[in-house]
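# Structural characterization, general
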Amino acid sequence: MIRPNIARMAGYVPGEQPRDGDIVKLNTNESPYSPTPMVLDALRAAITGDRLRKYPDPSGIAFRRTAARVLGVQPDMILIGNGSDDILTIITRAFVPEGGLMVAPTPSYILYRSLAEIQGALFQSVAFTTDWQLPRPWPLPAADLTLVPNPNSPSGTHLDRNALDQLVPTLDGRPLVIDEAYVDFADENALPLVECPGVMVTRTLSKSYALAGMRFGYAVADAAIVHELLKVKDSYNCDALSLVAAEAALADQNYLAETVRRIRVTRSRLMTALEPLGFDVTPSAANFVWCRHRTLPHRPIYDALKQRRILIRYMDYPGYGDGLRITVGSDAEIDLLLTTLREVL
Ligand SMILES: *Cc1c(COP(=O)(O)O)cnc(C)c1O
């Protein structure tokens, strides 16, 4: 009695989340730093007060006001989500009919295909060019929903504004998600494009804000789009604690800037050190690095590191091939990774 599209699908498999503490975890792009102390203060106040007895604010207006101020948009242009995966689910349900078409470049975020499968929609991927650009012209402009992660995972590459400016008119107002999960680590973002018809920008607090355990994401879009998306989301999709934590995190932009600066410094150190070990390293605008070894197979490298309690991500994409994605951890974690890599290679 399960819908055939559900019975057929394999189900999205998230990265490993080992529960033992002594693993150096460089596989799912969490921040190596703590969230701002303001988050802990806000959480403490929320727990001590009356917040947990009552339902949370369904639209999260306090968060939306703060986010609107930080981002320079209006509060009614912001949609809150239980992680940005929840935002992507809401957008899919709102825009994509059964039998509809979802399109995203590949290799990129594997969840997009799972969302299409759940929805009973078709999913088509469009290969990035060899230097991680979008093919021109964009071959599938008529999709019900197009998703472009920027910076992209696993490559860490960033499409510049010119590339997006060219894509947007091709879609002629049909829905486009620019998934900016990693944008705080890049030099520019696409927020101004939400002025264009159909363009939505999604963000998460899981990576740059160090709140992966809290589950909070949001979308920025035209107020008329947000108005429709609000009808689709669960009434209380964000709990009271994640709302106060997210608001406190966004309010402390200085802390964000400092942790991002540090991660970017470690990132370039990691990229530089991988080259002489025989890796081709893709220039990264995110908090991870995608690399492929010039002579050795990738799976044994992943296995050898795991055996030594360092977890990175082995990825294999049909039609593209495999490689290793390494989260930019703390300096100490990256030092240990590099030392261990030198031993195992
Ligand atoms: C991590 C990630 C997300 C979602 O993260 P949440 O933890 O659900 O907020 C979305 N898109 C991409 C490309 C990601 O890597």
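Residues numbered from 1 in each chain as written. Predicted model: local features only at pLDDT ≥ 70, side-chain atom pairs only at ≥ 80, totals over all residues. Heavy atoms only, no water.

In a regular helix each residue adds 1.5 Å, so 12 residues correspond to 16 Å; helix α2 (residues 37-48) covers 17 Å between its end C-alpha atoms and thus fits that length. Within the sequence span of α2, burial applies to Val 39, Leu 43 and Ala 46. Viewed end-on, α2 has its buried residues packed into an arc of 65 degrees, placing them on one side of the element. Residues of α2 that are exposed and angled more than 90 degrees away from the buried face: Arg 44, Ala 45 and Thr 48. The inward-facing, buried residues of α2 contact α8 (240-251). (Helix = DSSP H or I, 4+ residues; strand = E, 2+ residues; numbered from the N terminus. Expected span 1.5 Å × (residues − 1). Buried < 20%, exposed > 50% of the residue type's maximum accessible area, 1.4 Å probe, protein only. Arc of directions from axis to C-beta. Contact = heavy atoms within 4.5 Å.)

What follows concerns the site of the ligand. Near the ligand the following residues occur: Gly 83, Ser 84, Asp 85, Tyr 109, Asp 179, Ala 181, Tyr 182, Thr 204, Ser 206, Lys 207 and Arg 215. In this structure, an oxygen atom belonging to the ligand sits 2.6 Å away from a main-chain N or O atom of Ser 84. Between the ligand and the protein, one listed contact pairs a nitrogen atom with a side-chain N or O atom of Asp 179 at 2.6 Å. Summarising the interface, the protein chains cover 92% of the accessible area of the ligand, which totals 390 Å² for the free molecule. According to the grid-proximity analysis, the pocket containing the ligand is the largest pocket. In terms of residue class, the shell around the ligand is built from 3 nonpolar, 4 polar and 4 charged. (Near = heavy atom within 4 Å. Polar contact = N/O pair within 3.5 Å; in protein donor to acceptor, adjacent residues only side chain to side chain. Areas by Shrake-Rupley, 256 points an atom, 1.4 Å probe, with all protein chains shown as cover. 1 Å grid on protein atoms, 1.4 Å probe; cavity = no way out; pocket = protein on both sides within 12 Å on 5 of 7 lines; lining within 4 Å. Sits in = over half its atoms within 2 Å of the grid points. Nonpolar A, V, L, I, M, F, W, Y, C, P; charged D, E, K, R; others polar.)

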